[in-house]
Amino acid sequence: MSDNDDMNIDEGNGVVRRRGRGFKSSGGNDPMEVSEPSYDRLDAVHAGDTGKAARSVEGWIVLVTNVHEEATEEDLQDRFGEFGEIKNLHLNLDRRTGYVKGYALVEYETYDEAKNAIEKTSGTPMLEQVLQCDFAFIRPPPSGPKRGRGGRDGRGRSASPGRR
């Protein structure tokens, strides 16, 4: 390999010049030199600790379960509208029967509105069924070394069959 092909070039006077895409040019006249990109940061919309809850792209989504099959969007709008402005409300219907599937998604703009709605409506009756509410998205547990899987070599599954 010649000296021109190496990434580090020793000029003989103790200074090592580096060439290549990953290194910045010392001259500044290089048209191929690309400055490091700068990125904008998004400020947190909510204040305080959100615990295990995670925000979706558009807002804080509350999952409401045990919704009566004959409930309407108006029923849910009346029940959850008192805790803040509802950005979006999904009440999915079964295609075959036309009845509610048993759950609803209610979206709020702020964490405080969603948290208040969960605290005040979870465990309350609506059309003879007790509603259960929680955040639709939660933060995953912190990743790290996984322990306690058991098995050989820490693999929590059976070994591949041996060669004959």
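Residues numbered from 1 in each chain as written. Predicted model: local features only at pLDDT ≥ 70, side-chain atom pairs only at ≥ 80, totals over all residues. Heavy atoms only, no water.

(A) View of the pattern of salt bridges. If you walk through the whole model with that rule in mind, you get two salt bridges. Residue Lys87 is joined to Glu107 by a salt bridge in which the shortest nitrogen-to-oxygen separation is 3.7 Å. Taken together, the positions of Lys87 in strand E4 (residues 86-93) and Glu107 in strand E5 (residues 100-108) put the pair 20 residues apart, joining distant regions of the chain. Its relative accessible area of 6% is what places Glu107 among the buried residues. Judged by relative accessible area, which is 36%, Lys87 ranks as partly exposed. Taken together, the shared-partner salt bridges in this structure form one network comprising Lys87, Glu107 and Glu109. (Salt bridge = Lys/Arg side-chain N within 4 Å of Asp/Glu carboxyl O. Helix = DSSP H or I, 4+ residues; strand = E, 2+ residues; numbered from the N terminus. Buried < 20%, exposed > 50% of the residue type's maximum accessible area, 1.4 Å probe, protein only.)

(B) Looking closely at the environment of Gly102. Structurally, Gly102 is set in strand E5. The exposure class of Gly102 is buried, given its relative accessible area of 16%. Sequence-distant contacts of Gly102, that is, excluding residues within four places in its chain, are made with Val64, Thr65, Asn66 and Val67. (Contact = heavy atoms within 4.5 Å.)

(C) Seen up close, the packing of aromatic side chains. Scanning all chains against the criterion turns up three aromatic pairs. A centroid spacing of 5.1 Å and a plane angle of 65 degrees characterise the contact between Trp60 and Tyr111, whose relative ring orientation is edge-to-face. Here the residue Trp60 occupies a position in strand E3 (residues 60-65), and Tyr111 occupies one in helix H2 (residues 111-121), the gap between them amounting to 51 residues. One exposure class covers both Trp60 and Tyr111, and it is buried. (Phe/Tyr/Trp six-rings, centres within 6.5 Å; stacked < 30°, edge-to-face > 60°.)

(D) Focus on H2. Listed in full, the buried residues belonging to H2 are Tyr111, Ala114, Ala117, Ile118 and Thr121. When H2 is viewed along its axis, its buried side chains cluster within an angular range of 135 degrees and face the same direction. Exposed side chains of H2 directed beyond 90 degrees from the buried face belong to Asp112, Glu119 and Lys120. Those residues of H2 that are buried are in contact with E3, helix H1 (73-80), E5 and strand E8 (132-135). Trailing H2 by a residue or two, Gly123 shows a phi angle of about 90 degrees, which is positive. (Arc of directions from axis to C-beta.)

(E) Expanded view of the sheet that holds E3. Here four strands make up an open sheet; going across it, the order is E4-E5-E3-E8 and the pairing antiparallel. The open sheet has two edge strands with one neighbour each: E4 and E8. Adjacent strand axes in the sheet meet at a mean angle of 20 degrees, parallel and antiparallel pairs treated alike. Here six bridges tie E3 to E5, and the two strands are oriented antiparallel to one another. Bridge pairing in E5 places Thr65 opposite Tyr103. Packing of H1 onto the sheet brings it into contact with E3, E4, E5 and E8, and relative to E4 it is tilted by some 145 degrees. Running over the sheet, H2 touches E3, E5 and E8 and is turned about 155 degrees from E8. (Pairing = 2+ DSSP bridges. Axes fitted to C-alpha atoms, helices over the stretch in contact; angles between N-to-C directions.)

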